[in-house]
Amino acid sequence: MNWEQLLSLKRFGDTNKRLRKEQDDTRLGFEVDYDRIIFSSSFRSLQDKTQVIPLSKTDFVHTRLTHSLEVSVVGRSLGRVVGKKLLEKHPHLSETYGHHFNDFGAIVAAASLAHDIGNPPFGHSGEKAIGDFFKSGKGNRFKDSLTNVQYQDLCTFEGNANGLKLLTETKNGVTGGLRLSYSTLGAFMKYPKASLPYKPTTQIHHKKYGYFQSEQEVFNDVVKDLGLISETVKDSETYKRHPLTFLVEAADDICYTIIDFEDGINLGLIDEEFALEYLINLVKDKIDTKKYHQLVTKSNRVSYLRALAIGVLIEEAASIFIANEEAILKGDFSSALLDKSQYTAQIDDIIKISINNVYQSQDVLEKEILGYQVIGTLLEVYTDAVFSKKNNTNTNFNSLILKGFLKEFDLNQDDYSILIEISSLVASYSDSEALRIYQKIKGML
């Protein structure tokens, strides 16, 4: 791979090449991507989607929206640090093509901002609830009408693939979705492969998948334009990551490791003294002891250590990327950046505490159970309504569901397209909206 291709400004539908040196620096194309994402309805719905604690009534607990904003800030810093080093190493990118180090920051920030945009309500249990509906619930009745890979898309419904769908799909007369630059879309795609073969290797880019069959055409166009390296795995074509994807992933890893931990402390799920010891182990060489001992509240002490920890891990991830840039461009680097960190032991300790005390807390588990019930019911009712209409077996209840909740739904599609659209629609709901619709359907309001 080469940076000249990887830093593509192309957008869906372009017939002429966009050149960086001809860009208006006051309205740079890569920065337009950020603006388009942040003004999108899909992004706004993240304000009421679970990051750790579903349906939390506490203001300081992070939602998907606040998490995404923080990941974009960390991603921007990572991109700028790396971009500055890369332009020193490859001066022709600046001299010939007109790239600035801020370009890297803008791409990573935009992709980071969008990284959770396709996630369903109720956190990762939302993905599992959709998958279980089709794999072992009433949705498995559709299996025989689908190809293996189409059915796999549904049984392992993936927020990353749904994110690409939301960012690129032509809908309601709007062609190409948000029409983001292909660089941003490439950096967004953490897992540039289809749902099958399922986890064919232990390499990081095969851990999940990045596009539904409904987006295969746009996926192919993006990877071709960017020059991503293709590989054949179990008779299927997959691709190596866009290099900047490693920075998007690192920004996400840094934020969920440190900030979910901070949420756990502030909620009282993690003992303060115990928690501060773990953070201090990560940043002990950076602490201003005098300043730290002047902080009188728990939240201020935690905030100080959190800021130091994020700074330490940004420096660490950037240095690992630069040290491995050649291997990354060749497609020979196959792990997350922080997996190569000198702080791996400290990071693992923090994550273990978060898993035991936060992710598996009683409050989280109870609300994940609620999420399963809500999402399963919505999928069952919606699929019954659409397919009864399509098969001329409609009931009055199903007609009411179509009029009340599926007014703009296109019934003139094949079974796979209908099922993906319904799943994506349910995934687009916020936690509270999904719960409200569930309550209305159940006659509870």
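That block above? That's the structure.
Residues numbered from 1 in each chain as written. Predicted model: local features only at pLDDT ≥ 70, side-chain atom pairs only at ≥ 80, totals over all residues. Heavy atoms only, no water.

K.L.:
Can you walk me through the pairing of strand 1 (residues 230-233) in this structure?
P.N.:
Regular strands show a simple pattern: their side chains alternate between the two faces of the sheet. The side-chain alternation of strand 1 yields one buried face, formed by E231 and V233, and one unburied face, formed by S230 and T232. Strand direction decides the pairing type here: strand 1 and strand 2 (residues 236-239), joined by four bridges, are antiparallel. Considered in strand 2, the bridge of V233 is made with S236. (Buried < 20%, exposed > 50% of the residue type's maximum accessible area, 1.4 Å probe, protein only. Helix = DSSP H or I, 4+ residues; strand = E, 2+ residues; numbered from the N terminus. Pairing = 2+ DSSP bridges.)

K.L.:
Is there a simple way to think about helix 19 (residues 396-405) in this case?
P.N.:
Note on helix geometry: an α-helix contains 3.6 residues per turn, so any two residues three or four positions apart are oriented the same way. When we look at burial in helix 19, the residues that qualify are N398, S399, I401 and L402. Buried residues along helix 19 cover an arc of 160° about the axis, so they all sit on one side. Within helix 19, the exposed residues directed more than 90 degrees away from the buried face are N396, L400 and K403. On its buried side, helix 19 packs onto helix 18 (362-390) and helix 21 (431-441). (Arc of directions from axis to C-beta. Contact = heavy atoms within 4.5 Å.)

K.L.:
Help me understand the pattern of salt bridges, please; the structure alone is not making it clear to me.
P.N.:
Pairs can form between side chains of opposite charge whenever their charged atoms are close. Going through the model one piece at a time under the given rule, you end up with 21 salt bridges. As a salt-bridge pair, R18 and D14 come within 2.6 Å of each other at their nearest N and O atoms. Salt-bridge contacts for D384 lead to R141; the nearest nitrogen and oxygen are separated by 2.9 Å. With D384 in helix 18 and R141 in the loop between helix 7 (124-135) and helix 8 (148-155), the pair connects residues that are 243 residues apart, well separated along the chain. Where salt bridges share partners, they join K165, E169, K171, E215 and E421 into one cluster. (Salt bridge = Lys/Arg side-chain N within 4 Å of Asp/Glu carboxyl O.)

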